[in-house]
Amino acid sequence: MVNSGLRVHWFVRQMLLMAKKRQSPDTPPPTPPPAVSPRRTSRTRRTSVTETPSKADAPVRSRARRSAPPATQAAANPDALHIVLIASEAHPFATTGGLAEVVGALPGALARLGHRVTLILPRYRGIATEDAGAREEGSRDLQGGAELQLGHRRQVVRFVRRSGGDGVTVIFVDAPDLFDREGLYGNGDGDYADNAWRFALFSRAALEYLRLRGERPSAIHAHDWQAGLVPAYQKMLLSNDPVVGGVPAVFTIHNLAFQGLYPAAMLPEIGLPWDVMHVQAMEFWGQISYLKAGINFSERITTVSPAYAKEMLTPEMGFGFDGVLARRADDLHGILNGIDTARWNPASDPFVGAPFTADELSGKAKAKRMLLKKAGLPTSAAALRRPVIGMVARLTDQKGLDLFAAAADELMALDAAWVLMGNGERRYEDLWKELAMSHPGRVSSTLRYDEALEHLIEAGGDIFLMPSRFEPCGLNQLHSLRYGTLPVVRATGGLDDTVIDRDAPGGGGTGFKFWNYTTEALLEAMQRALQTYRQPDEWQLMQRTAMRQDFSWDVSAREYVKVYRAAS
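Residues numbered from 1 in each chain as written. Predicted model: local features only at pLDDT ≥ 70, side-chain atom pairs only at ≥ 80, totals over all residues. Heavy atoms only, no water.

Student: What's the story with the sheet that holds strand S2 (residues 116–122) in this structure? I'm lost.
Tutor: Strand pairing in a sheet relies on backbone hydrogen bonds, with the paired strands running either antiparallel or parallel. The nine strands lie next to each other as S3-S4-S5-S2-S1-S8-S9-S13-S14, forming an open sheet whose pairing is mixed. A strand with exactly one partner marks an edge of an open sheet, and here the two such strands are strand S3 (145–150) and strand S14 (332–334). Across the sheet, the mean angle from the axis of one strand to that of its neighbour is 25°, orientation sign disregarded. As defined by bridge partners, strand S9 (residues 249–253) adjoins strand S13 (residues 300–303) across four bridges and the pair is classed as parallel. When the sheet's bridge partners are listed, Thr-252 is paired in S13 with Thr-302. This element, helix H2 (residues 98–112), spans strand S1 (82–86), S2, strand S5 (168–174) and strand S8 (219–223) of the sheet and lies at about 160° to S2. On the sheet, helix H4 (residues 195–213) packs against S1, S2, S3, strand S4 (153–163), S5 and S8 and is oriented at approximately 130° with respect to S3. (Pairing = 2+ DSSP bridges. Helix = DSSP H or I, 4+ residues; strand = E, 2+ residues; numbered from the N terminus. Axes fitted to C-alpha atoms, helices over the stretch in contact; angles between N-to-C directions. Contact = heavy atoms within 4.5 Å.)

Student: What's the story with the pairing of strand S19 (residues 486–490) in this structure? I'm lost.
Tutor: Looking down a regular strand, the side chains alternate between one sheet face and the other. With five of five residues buried, S19 lies mostly within the body of the structure. Along S19, one buried face is formed by Leu-486, Val-488 and Arg-490 and the opposite face, lined by Pro-487 and Val-489, is buried too. Strand direction decides the pairing type here: strand S18 (residues 463–466) and S19, joined by four bridges, are parallel. Directly across from Met-466, in S19, lies its bridge partner Val-489. Bridge analysis of S19 against strand S20 (residues 512–514) gives three bridges, and the strand direction is parallel. From the neighbouring strand, Val-488 faces S20, where its bridge partner is Phe-512. Running through helix H16 (residues 493–498), the crossover from S19 to the neighbouring parallel element S20 is right-handed. (Buried < 20%, exposed > 50% of the residue type's maximum accessible area, 1.4 Å probe, protein only. Right-handed = clockwise from strand over helix to strand, strands pointing away.)

Student: Before we go on, may I ask you to explain the nonpolar core in this structure?
Tutor: Soluble, globular proteins show a tendency: their nonpolar side chains are buried together. Residues Ile-120, Leu-229, Ile-270 and Tyr-290 are the most contacted members of the largest nonpolar core, which totals 104 residues. Sequence-distant contacts of Leu-229, defined by excluding residues within four places in its chain, comprise Ala-200, Ser-203, Ile-270, Leu-272, Met-282, Tyr-290 and Ala-293. Grouped together as the second largest cluster of nonpolar side chains are 42 residues, Met-391, Leu-435, Ala-436 and Ala-529 included. (Core = buried A, V, L, I, M, F, W, Y, C linked by side-chain atoms within 4.5 Å.)

Student: Please clarify how the sheet that holds strand S10 (residues 261–263) should be interpreted in this entry.
Tutor: Judged by pairing direction, the sheet is antiparallel, and its three strands sit side by side in the order S10-S12-S11 without closing on themselves. What marks the edges here is a single partner per strand, and that holds for S10 and strand S11 (283–284). In this structure, S10 lies alongside strand S12 (residues 287–289), joined through three bridges in antiparallel fashion. The residue bridging Pro-263 from the neighbouring strand is Gln-287, located in S12.

Student: What should I look at first to understand helix H14 (residues 451–460) in this one?
Tutor: For the α-helix, the turn length of 3.6 residues means that residues three or four positions removed from each other point alike. Burial of H14 is extensive: eight of the 10 residues sit out of reach of the surface. Taken as a whole, H14 has its buried residues at Leu-453, Glu-454, His-455, Leu-456, Ile-457, Glu-458, Ala-459 and Gly-460. Where H14 begins, the side chain of Asp-450 points an oxygen toward the backbone nitrogen of Ala-452, at a separation of 3.1 Å. (Polar contact = N/O pair within 3.5 Å; in protein donor to acceptor, adjacent residues only side chain to side chain.)

Student: In this structure, what is going on with the side chain of Thr-118? I would like to understand it.
Tutor: Summarising the element assignment, Thr-118 is placed in strand S2. Note on Thr-118: relative accessible area 7%, which makes it buried. There is a polar contact of 2.9 Å between the side chain of Thr-118 and the side chain of His-82. Leave out the neighbours within four places in its chain, and Thr-118 touches His-82, Ile-83, Val-84, Leu-85, Thr-169 and Ile-171.

Student: So what exactly am I meant to see when it comes to the environment of Asp-331 here?
Tutor: For Asp-331, the position within the fold is in the loop between helix H8 (322–327) and S14. Of the residues examined, Asp-331 reaches a relative accessible area of 14% and is grouped as buried. Between the alpha carbons of Asp-331 and Val-563 there is a distance of 9.3 Å; along the sequence they are 232 residues apart.

Student: Before we go on, may I ask you to explain the packing of H2 against helix H19 (residues 553–567) in this structure?
Tutor: To describe two helices that pack against each other, one gives the angle between their axes and the distance between the axes. Relative orientation of the contacting elements H2 and H19 amounts to 80°, with a least axis distance of 9 Å. Relative to H19, the element H2 is oriented roughly perpendicular. Where H2 abuts H19, its residues Glu-101, Val-102, Ala-105, Leu-106, Ala-109, Leu-110 and Arg-112 lie against Trp-553, Asp-554, Ala-557, Tyr-560, Val-561 and Tyr-564. Broken down by class, the residue content of the contact of H2 with H19 amounts to 10 nonpolar, no polar and three charged. (Parallel < 35°, antiparallel > 145°, perpendicular 65-115°, else oblique. Nonpolar A, V, L, I, M, F, W, Y, C, P; charged D, E, K, R; others polar.)

Student: Looking at this structure, I do not really get the side chain of Asn-476. What am I missing?
Tutor: When you line up the elements, Asn-476 lands in helix H15 (residues 476–482). A relative accessible area of 14% places Asn-476 in the buried class. When near neighbours in sequence (up to four residues on either side) are disregarded, Asn-476 contacts Val-392, Glu-454, Glu-458, Phe-464 and Met-466.

Written as structure tokens, this is what we have:
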């Protein structure tokens, strides 16, 4: 299954020779960056899918076989692609945040454009599926799974499936000892100690499913560090495979801060040769980085907004990867995330029960009353006249909570009510508990995930605050625009791309921006928002303009198709 050391060495040499021809060197930062957790430990937001459970003990082959070259596939549309997306989470199966929202919505948008999509995910606890065993039509005797060997370790996996809608098939890598756990990446005690192995095995198993299935895809699209080894295994171990060898790989960076850093001693355990311990392969300050593997072994790299694509090339925002990415700048594309406009629709949102549109806003006032009631705040006439400022965020420095904390006294002095939903660092959870206790009629904090409350904050709020230190794309500001809840944002990454400042030349404002990461700049933007709120005609004009913006996934999906074709 593993290519010879000579062949691996030859491949790395070719990769390095090609890299030297690129425009700029792979320059490391002047000092080693601080250690970054491979992925935050999160209170997992997971929605189980009601489906017939898979059979418990499907037979497993003693060894995964190489597939024969696939037969020519007849297609109604000869230009249609078969795109394989590989990621660690996707809505509605398992979610901790924006990654799941993106991976949950993109497949359907690609399918609506006429393409066939296979989405491969780990099978976490609570996900029910239908069987994808040997009788699956068109399969090549999968017999329910395979036994993989990485290094000296063997792991049995099963492949189970369910339909994800027209044109989309969802495949789950089922390895209960690795994924049937309390959380996706960790529990209350921190990240799981074996995450390096878990997601290495997942990446290799995703490729094995494609091999055993025997249908050569048009493109393989891996997401974030958890799937970063997919293109590495493809190039290093399976370069001559008739199914996956040579298929263009696209890698998407959702957040550069999470880099999948592990000791170099892991390489033999995950089945990769020491050749990849190179600055232009996986080596990063004496460790290996799964994120860097995804970058260096893929034909194209994308990230989730045009502004973030530029920011990540700077030392300030590159997290030590600015040189790595500068070398691949010609292959880097910033594609703005979309939102699921069916789930996030003020005209039909089942969590709100007070429909409204850009042309008929009266339901928004009803949604505001519902929000205040659910948040435990007064619903008197005076309370309804007061603006409601909403926040839905991980309580971390990245999301600007340090800036909020520094300005908390001044912000609480504003004539407004506050509704927060989120969790994160203990110091910021304690801050919001204290604010709710000291301002009982004007501050509500919910330190857990509540899907209904999230929708109500977007629908019933007047202002949505996102003071992020950095934000690759952001989704909550897009939800807010969709619901006419005008965002106040720091102009960084996708926030800068998607929000038009009220005072921008040419008009068409949809929110309020501040540029400097200071309490003064934050307070000035909030003051401008409150002053505009007291001008109902202008406020409603901005609301209607915001609600008419098109941030659907159909727009973004077309850009991804361009990348897939360019990578071929």
